[in-house]
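If you want the building blocks of each chain, they are given just below.
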Amino acid sequence: MTTTECVYEQTVDGFGTVRLVRVDPARDAELLHGWVGEERARFWGMREAGVEDVREIYAHLDSLTTHHAFLVYRDDVPVALFQTYEPEADRVSECYEVRPGDIGVHLLIAPARTPERGFSGHLLTALTAFALTGRERIVAEPDAANDKAIALLERYGFELGPEVVLPEIVLPEVHLAEKRARLAFLSR
């Protein structure tokens, strides 16, 4: 990883340096495929995707000006996939009243060889600081059945909103199945 690729860096006391680097579909497809293919990542809906499918999905995402994907590094080791998006350009806008200054996020924490107490909270410290730069509020919409993600957001201070149904999207370049989600908000 070179520092020119880094779009955000923060040192979190007692945790290490967190860096965000834009996903490069050609470079990162195999790594991401390994993460999204695991049972624990079933809520991402990509378990059956092959490496080339993952590459194509992130190449499409990379072509958008409203959606961005980042590899998250902790002390130069990739530990998560973090995605941000403009809610008004996303299907979530059909489920809540988008405010100026809102930003949407998705987070997939990489599988850990050894679970580390407080890891997710420390990571969220840096990721929410990045997401709120120039923004007023974060919206997250984890799968309504993803109790671990919802509990993490609530522990971190997100205010839980209603359960909603994100509509199916069928376009030539992307297909997203209908999703039952739980909205969660974190204001500056």
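Residues numbered from 1 in each chain as written. Predicted model: local features only at pLDDT ≥ 70, side-chain atom pairs only at ≥ 80, totals over all residues. Heavy atoms only, no water.

## Remarks on the overall build of the chain
Part 1: Per the secondary structure count, the chain includes four helices and ten strands.
Part 2: At 16 Å, the chain has a C-alpha radius of gyration in line with the 16 Å of a compact globule built from 188 residues.
Part 3: Counting only C-alpha atoms and orienting by the principal axes, one finds that the chain spans roughly 40 × 35 × 30 Å.
Part 4: In the chain, the share of contacts with a sequence separation of at least 24, taken over all contacts with a separation of at least 6, comes to 60%. (Helix = DSSP H or I, 4+ residues; strand = E, 2+ residues; numbered from the N terminus. Rg over C-alpha atoms; globule rule 2.2 N^0.38 Å. Contact = heavy atoms within 4.5 Å.)

## Let's talk about helix α4 (residues 147-156)
Part 1: All of the buried residues in α4 are Ile150, Leu152 and Leu153. For α4, the arc enclosing every buried residue in end-on projection is 160°, short of the 170-degree limit, so these residues lie on one face. Opposite the packed face of α4, turned more than 90 degrees from it, sit the exposed residues Asp147, Lys148 and Arg155.
Part 2: Structurally, α4 contributes buried residues whose contacts are with α3 (119-131), β6 (137-140), β7 (159-166) and β10 (179-187).
Part 3: Looking one or two places after α4, you find Gly157, whose phi comes out positive at around 110°. (Buried < 20%, exposed > 50% of the residue type's maximum accessible area, 1.4 Å probe, protein only. Arc of directions from axis to C-beta.)

## Considering the pairing of strand β5 (residues 102-109)
Part 1: Taken across its eight residues, β5 has six buried, putting it largely inside the fold.
Part 2: Bridge count between strand β4 (residues 77-85) and β5: six bridges; the pairing is antiparallel. Its bridge partner being in β5, Thr84 is matched across the sheet by Val105.
Part 3: The pairing of β5 with β6 spans four bridges and is classified as parallel. Looking across to β6, one finds that Gly104 is bridged to Val139.
Part 4: The parallel pair β5 and β6, bridged by α3, forms a crossover whose chirality is right-handed. (Pairing = 2+ DSSP bridges. Right-handed = clockwise from strand over helix to strand, strands pointing away.)

## Considering the sheet that holds β6
Part 1: In space, the eight strands of this open sheet follow the order β1-β2-β3-β4-β5-β6-β10-β7, with mixed pairing throughout. With partners counted over all chains shown, the strands left at the sheet margins are β1 (6-12) and β7, one partner each. If you compare each strand with its neighbour and ignore which way they point, the axes differ by 30° on average.
Part 2: In this sheet, β10 lies alongside β6 in antiparallel orientation, the contact comprising four bridges. In the sheet register, Arg137 faces β10, and the bridge partner there is Ser187.
Part 3: Lying on the sheet, helix α2 (residues 51-63) is in contact with β3 (67-74) and β4; it crosses β3 at an angle near 115°. (Axes fitted to C-alpha atoms, helices over the stretch in contact; angles between N-to-C directions.)

## Considering the side chain of Arg135
Part 1: Summarising the element assignment, Arg135 is placed in the loop between α3 and β6.
Part 2: A polar side-chain atom of Arg135 sits 2.8 Å from the main-chain carbonyl oxygen of Asp102.
Part 3: Those residues within four positions of Arg135 in sequence are excluded, and the remaining contacts are Glu86, Gly101, Asp102, Ile103 and Arg188. (Polar contact = N/O pair within 3.5 Å; in protein donor to acceptor, adjacent residues only side chain to side chain.)

## Concerning the nonpolar core
Part 1: Judged by nonpolar contacts, the single largest core of 26 residues is most densely connected at Val18, Leu20, Val72, Phe82, Leu123, Ile138 and Phe158.
Part 2: No other element matches α3, which puts six residues into this core.
Part 3: With residues near it in sequence (within four places) discarded, Phe158 still touches Thr128, Ile138, Ala140, Leu153, Ala184, Phe185 and Leu186.
Part 4: Ranked by size, the runner-up nonpolar core spans 18 residues in total, among them Ala49, Val54, Tyr73 and Ala110. (Core = buried A, V, L, I, M, F, W, Y, C linked by side-chain atoms within 4.5 Å.)

## A short note on the environment of Glu88
Part 1: Within the fold, Glu88 resides in the loop between β4 and β5.
Part 2: Sequence separation between Glu88 and Glu141 is 53 residues; the distance between their C-alpha atoms is 14 Å.

## Re the confidence of the model for the chain
Part 1: With 96% of its residues at a pLDDT of at least 70, the chain reaches an overall mean of 92.
Part 2: Summarising per-element confidence for the chain, the mean pLDDT is lowest in strand β9 (residues 175-176) (73) and highest in β6 (98). (pLDDT = per-residue confidence, 0-100.)

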